[in-house]
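Topology and contacts: notes
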Amino acid sequence: MSEECKTLEAYLAPPTQHKQRKLRDEHDRYETLLRRSFNDKCDTMTAVNEVVSGEDLNWHSKNALKQYVPHLLDEDTYDAKQLADTHPIRYANTAAVFDHDEARRHEICWEVPLPGRGTNFWIPLQLNPEQEYWWHSLIDDKDDSVWAGELRLQLDGDRWVLHVTANYEVEADHKCSCDSDNVTPVGFDVGESKLLVGCALRDDTPVDPLFVDGGRVRHLRQKQASAEDRLKSRYASNLLDDLVWGRWQDAIEDEIEKASARAVEYASQFEKPVIVLEYLDGITDEDIGKYWNRRLGKWLFSRLQSRIEDKAAERGIPVEYVYPHHTSKTCNACQHVGYRPHQGTFNCTNESCWVGEYQADLNAAANIANRLNPWGESLPWKSAGDDSPQSGGPVAGPQRHVTERGTLVREADFR
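The rules behind these values
Residues numbered from 1 in each chain as written. Predicted model: local features only at pLDDT ≥ 70, side-chain atom pairs only at ≥ 80, totals over all residues. Heavy atoms only, no water. Helix = DSSP H or I, 4+ residues; strand = E, 2+ residues; numbered from the N terminus. Buried < 20%, exposed > 50% of the residue type's maximum accessible area, 1.4 Å probe, protein only. Contact = heavy atoms within 4.5 Å. Areas by Shrake-Rupley, 256 points an atom, 1.4 Å probe, with all protein chains shown as cover. Pairing = 2+ DSSP bridges. Patch = residues over 30% accessible without salt bridge, like charges linked within 9 Å, V, L, I, M, F, W, Y side chains within 5 Å. Salt bridge = Lys/Arg side-chain N within 4 Å of Asp/Glu carboxyl O. Lys, Arg positive; Asp, Glu negative; His and termini not counted. Charge placed at Lys NZ, Arg CZ, Asp CG, Glu CD. Arc of directions from axis to C-beta. Phe/Tyr/Trp six-rings, centres within 6.5 Å; stacked < 30°, edge-to-face > 60°. Lys NZ or Arg CZ within 6 Å of the ring centre and 35° of its normal. Axes fitted to C-alpha atoms, helices over the stretch in contact; angles between N-to-C directions. Core = buried A, V, L, I, M, F, W, Y, C linked by side-chain atoms within 4.5 Å. Expected span 1.5 Å × (residues − 1).

1. Examining the overall build of the protein
Summing up its helical and strand segments, the protein has 9 helices and 15 strands in all. Every one of the 415 residues in the protein was classed for burial, and the buried ones make up 56%. Considering only contacts in the protein between residues 6 or more positions apart, those separated by 24 or more positions represent 69%. For the protein, the computed accessible surface area is about 19,000 Å², with 46% contributed by carbon and sulfur atoms.

In structure tokens:
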């Protein structure tokens with residue numbers, strides 16, 4: 001038996017102003033203690049405990065901080081030099097307390113942990129419909145095949161989103177698809193100007209690339225951000241919910257469905273295709289910047305990857321994950337470090353290389369595909385059943401391939 005994990009996603013039903021204030025206060029307390037522990041270089045659980053002990057923060061998050069901060073500071077793991085502007089609230093798996101009632105509009109509620117006795121409150125969860133089976137298995141007391149790992153709560157626009165790691169056992173041993181001879185690696189890069197770029201490799205050479213324009217998704221995200229800025233100040237929560245998390249969100253989901261379908265259709269035309277995606281654990285919305293996050297965001301990265309994986313499974317196409325570091329900075333042909341004079345252009349600095357100037361997203365997709373090889377660049381299998389973060393950051397997408405070599409990934413490595 002081996003263990004896999006899957007990230008479950010749910011939005012908190014719009015809380016009352018009182019509960020919203022409590023959530024924001026708890027988030028501020030968490031941020032304060034995280035930064036204090038980090039700035040004091042607390043590289044052991046004991047050192048973090050000295051900082052958080054007696055502080056006004058729920059004990060589930062205190063336990064999560066004891067695991068997380070030493071991991072950030074460890075030179076052999078994340079080796080973070082500075083913190084991003086905002087972070088999700090982390091909770092140990094002891095905070096996975098849910099209630100289920102089929103008579104309710106939102107069947108599942110989560111008990112939000114707060115410091116002190118009698119301060120917790122319940123809030124309904126708006127589940128991802130495609131994950132309802134997993135949620136029911138997770139909260140079923142009689143079903144011990146799925147159990148909770150770490151929880152993360154973060155703001156997505158004006159809404160709170162909860163991510164819960166669901167761990168489960170599988171009987172079949174994982175065998176990396178790259179162990180098979182004569183496969184065709186098909187790498188996909190998710191970006192801004194191009195929502196998705198696919199690139200298959202034949203004899204290590206890019207062939208017949210796929211480009212999916214990201215203009216419509218970018219436009220919808222910009223409209224969401226503008227509506228949030230305009231309506232939040234007027235306390236028009238109902239209108240904001242209808243526009244931002246209703247019609248426009250549905251339109252974005254539709255674009256994701258179309259792009260993921262095109263990706264799998266593209267991959268299926270090649271002989272023995274293996275879809276290769278970037279492993280997003282450790283890269284956060286904050287890593288890609290506030291401006292860029294308003295326009296696209298990590299949620300879309302993860303959602304698009306998840307839908308590609310789902311559709312690939314239906315077609316029997318294996319999916320592998322590889323490290324994301326330097327895919328945008330190195331030349332796909334000679335592996336020399338280059339630069340991007342413009343958003344869509346990559347320039348190789350190696351004068352003897354034939355590439356010279358290349359489409360930047362295509363270069364990244366080719367690098368992603370190139371990392372599927374028998375020498376271990378693609379992520380090896382490792383049990384992921386513990387409650388500690390594996391590579392230093394939250395993830396809202398596929399978490400099926402966790403790697404021992406992933407401990408070498410550093411914050412500066414992400415593009």
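Here the narrative resumes.
2. Here we look at unusual backbone geometry
For Asp208, which is not a glycine, the phi torsion comes out positive at approximately 45 degrees. Along the chain, Asp208 falls in strand β10 (residues 205–213). On the basis of relative accessibility, which here comes to 45%, the residue Asp208 falls in the partly exposed class. Its identity as a non-glycine residue notwithstanding, Lys272 has a phi of 45 degrees, on the positive side. Tracing the chain through its elements places Lys272 in the loop between α6 (237–268) and β11 (273–278).

3. Points about the pairing of strand β12 (residues 319–322)
Here β12 shows two buried faces, one formed by Val319 and Tyr321 and the other by Glu320 and Val322. Pairing analysis gives 4 bridges linking β11 to β12, with the strands arranged parallel. Paired with Leu277 across the strands is Tyr321, a residue of β12.

4. Section: a negative patch on the surface
A contiguous patch of negative charge on the surface is contributed by Asp101, Glu102, Glu107 and Glu132. Here Glu102 lies in the loop between β3 (98–100) and β4 (108–112).

5. Looking at the pairing of β10
Relative to β10, strand β9 (residues 194–202) runs antiparallel, the two sharing 7 bridges. What sits directly across from Gly198, in β10, is Leu210. What sits between the antiparallel neighbours β9 and β10 is a turn of 2 residues, in which Asp203 has the positive phi angle 55 degrees.

6. A word on helix α2 (residues 45–52)
All of the buried residues in α2 are Ala47, Val48, Val51 and Val52. One side of α2 carries all its buried residues, which in axial view fall inside an arc of 130 degrees. Looking at α2, the residues exposed on the side facing more than 90 degrees away from the buried face are Thr46 and Glu50. Of the surrounding secondary structure, the elements contacted by the buried residues of α2 are α1 (17–39) and α3 (59–73).

7. Describing the packing of aromatic side chains
Taken as a whole and judged by the stated rule, the model has 6 aromatic pairs. Between Phe98 and Trp135, the aromatic rings sit 5.6 Å apart at their centres with planes inclined by 80 degrees, giving edge-to-face as the arrangement. Note that Phe98 is positioned in strand β3 and Trp135 in helix α4 (residues 132–139), a separation of 37 residues in sequence. Both residues of the pair, Phe98 and Trp135, belong to the buried class. Here the aromatic rings of Tyr266 and Phe270 are separated by 5.2 Å at their centres, their planes lie at 80 degrees, and the arrangement is edge-to-face. By relative accessible area, which is 6% here, Tyr266 ends up buried. The ring centre of Tyr68 lies 3.6 Å from the NZ or CZ of Arg90, which sits over that ring.

8. Quick notes on the sheet that holds strand β14 (residues 345–347)
Spatial ordering of the open sheet is given by β13-β14-β15, a layout of 3 strands whose pairing is antiparallel. Sheet topology places β13 (339–342) and β15 (357–359) at the edges, where each strand pairs with a single neighbour. If you compare each strand with its neighbour and ignore which way they point, the axes differ by 40 degrees on average. Packed onto the sheet, helix α9 (residues 360–370) meets β13, β14 and β15 and runs at close to 80 degrees relative to β15.

9. A short note on the pattern of salt bridges
Taken as a whole and assessed by the stated rule, the structure comprises 13 salt bridges. A salt bridge links Lys311 to Glu257, with the shortest nitrogen-to-oxygen separation between them at 2.8 Å. Of this pair, Lys311 sits in helix α8 (residues 298–315) while Glu257 sits in helix α6, and the two are 54 residues apart along the sequence. On the basis of relative accessibility, which here comes to 13%, the residue Lys311 falls in the buried class. Taking the shortest distance from any N to any O, the salt bridge between Glu265 and Arg315 comes out at 3.1 Å. Placement of the pair is Glu265 in helix α6 and Arg315 in helix α8, with a sequence separation of 50 residues. Salt bridges sharing common partners tie together Glu257, Arg307, Asp310 and Lys311.

10. Quick notes on the nonpolar core
Formed by 44 residues in total, the largest nonpolar core has its most connected members in Phe98, Trp110, Trp135 and Leu162. When near neighbours in sequence (up to four residues on either side) are disregarded, Trp110 contacts Leu12, Tyr91, Ala95, Val97, Phe98, Phe121, Trp122, Ile123, Leu125, Leu151, Leu153 and Leu162. The next biggest cluster of nonpolar side chains, apart from the first, holds 32 residues, and it includes Ala251, Leu300, Ile308 and Val319.

11. Overview of α1
With 23 residues, α1 should reach 33 Å at 1.5 Å per residue; the first-to-last C-alpha distance of 33 Å fits that figure. Within α1 the residues assigned to the buried category are Gln20, Leu23, Glu26, His27, Tyr30, Glu31, Leu33, Leu34, Ser37 and Phe38. One or two residues past the end of α1 sits Lys41, with phi positive at roughly 55 degrees.

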